[in-house]
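Each chain, written out:
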Amino acid sequence: MRKILLLWAGVAAAALYVAIVDIGAELTPGYSHVSQPVSSLYQSGAVPALPIAAAFVVYNMLVALFGAGVAILARDLAGRRARVGVAAGVAIMLVGVAGAIDELA
């Protein structure tokens, strides 16, 4: 059951990312999905910067939880695939943690 919940964190992360960008774009006058990066939604001086950055911390933690789920699931496999899967899960976890730290900095 724990593995399933951790893997669902990846689905939640994707849905949250879309919601953050959509809501951030609505709150930011003149924002264009085509010509501006997502980071401009929470750069210094942007109207919704603090709530958007906080939401991205949650997103990144969900990504880290998903990575943990991948690593745990892969650990149950046998042989070389297990090592590769665990490494991939750990890499995803590190991306999530680094993203959260970046948002807090």
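Just so it is clear, the model here is predicted, and its values are computed rather than measured. (Residues numbered from 1 in each chain as written. Predicted model: local features only at pLDDT ≥ 70, side-chain atom pairs only at ≥ 80, totals over all residues. Heavy atoms only, no water.)

Student: Hey, could you run me through the packing of helix α2 (residues 49-75) against helix α3 (residues 80-104) in this one?
Tutor: Helix packing geometry: the angle between the two helix axes and the distance between the axes. For the pair α2 and α3, interaxial distance at closest approach is 7 Å and the crossing angle is 165 degrees. Taken together, α2 and α3 sit at an angle that is classed as roughly antiparallel. In the crossing of α2 with α3, the sense of the turn from one axis to the other is left-handed. Residues belonging to the contact of α2 with α3 are distributed by class as follows: 20 nonpolar, 6 polar and 2 charged. (Axes fitted to C-alpha atoms, helices over the stretch in contact; angles between N-to-C directions. Helix = DSSP H or I, 4+ residues; strand = E, 2+ residues; numbered from the N terminus. Parallel < 35°, antiparallel > 145°, perpendicular 65-115°, else oblique. Left-handed = near helix turned anticlockwise from the far one by under 90°. Nonpolar A, V, L, I, M, F, W, Y, C, P; charged D, E, K, R; others polar.)

Student: How should I be thinking about the nonpolar core in this particular structure?
Tutor: The tendency in soluble globular proteins is for nonpolar side chains to be buried side by side. With 12 residues, the main nonpolar core is built from A9, A13, I20, V21, A25, Y31, L41, I52, F56, Y59, L62 and V63. Going through the elements one at a time, α1 (2-27) and α2 are the ones with two or more residues in this core. If we ignore the near neighbours within four places in the chain, the residues touching Y31 are A25, Q36, P37, V38, S40 and L41. (Core = buried A, V, L, I, M, F, W, Y, C linked by side-chain atoms within 4.5 Å. Buried < 20%, exposed > 50% of the residue type's maximum accessible area, 1.4 Å probe, protein only. Contact = heavy atoms within 4.5 Å.)

Student: It is not clear to me how the packing of α1 against α2 should be interpreted in this structure. Could you clarify?
Tutor: Between α1 and α2, the shortest axis-to-axis distance is 7 Å and the interhelical angle comes to 155 degrees. The orientation of α1 relative to α2 falls into the category roughly antiparallel. The two elements α1 and α2 cross, and the hand of that crossing is left-handed. Its residues placed into classes, the contact of α1 with α2 shows 22 nonpolar, 3 polar and 3 charged.

Student: Is there a simple way to think about the pattern of salt bridges in this case?
Tutor: Pairing of side chains with opposite charge becomes possible as their charged atoms draw close. This model, assessed by the stated rule, comprises 1 salt bridge. Linking D76 and K3 is a salt bridge whose minimum nitrogen-to-oxygen distance equals 2.6 Å. Of this pair, D76 sits in the loop between α2 and α3 while K3 sits in helix α1, and the two are 73 residues apart along the sequence. (Salt bridge = Lys/Arg side-chain N within 4 Å of Asp/Glu carboxyl O.)

Student: Teacher, can you tell me more about the side chain of T28 here?
Tutor: Mapped onto the elements of the fold, T28 is located in the loop between α1 and α2. Setting aside residues up to four positions removed in sequence, T28 forms contacts with L41 and P48.

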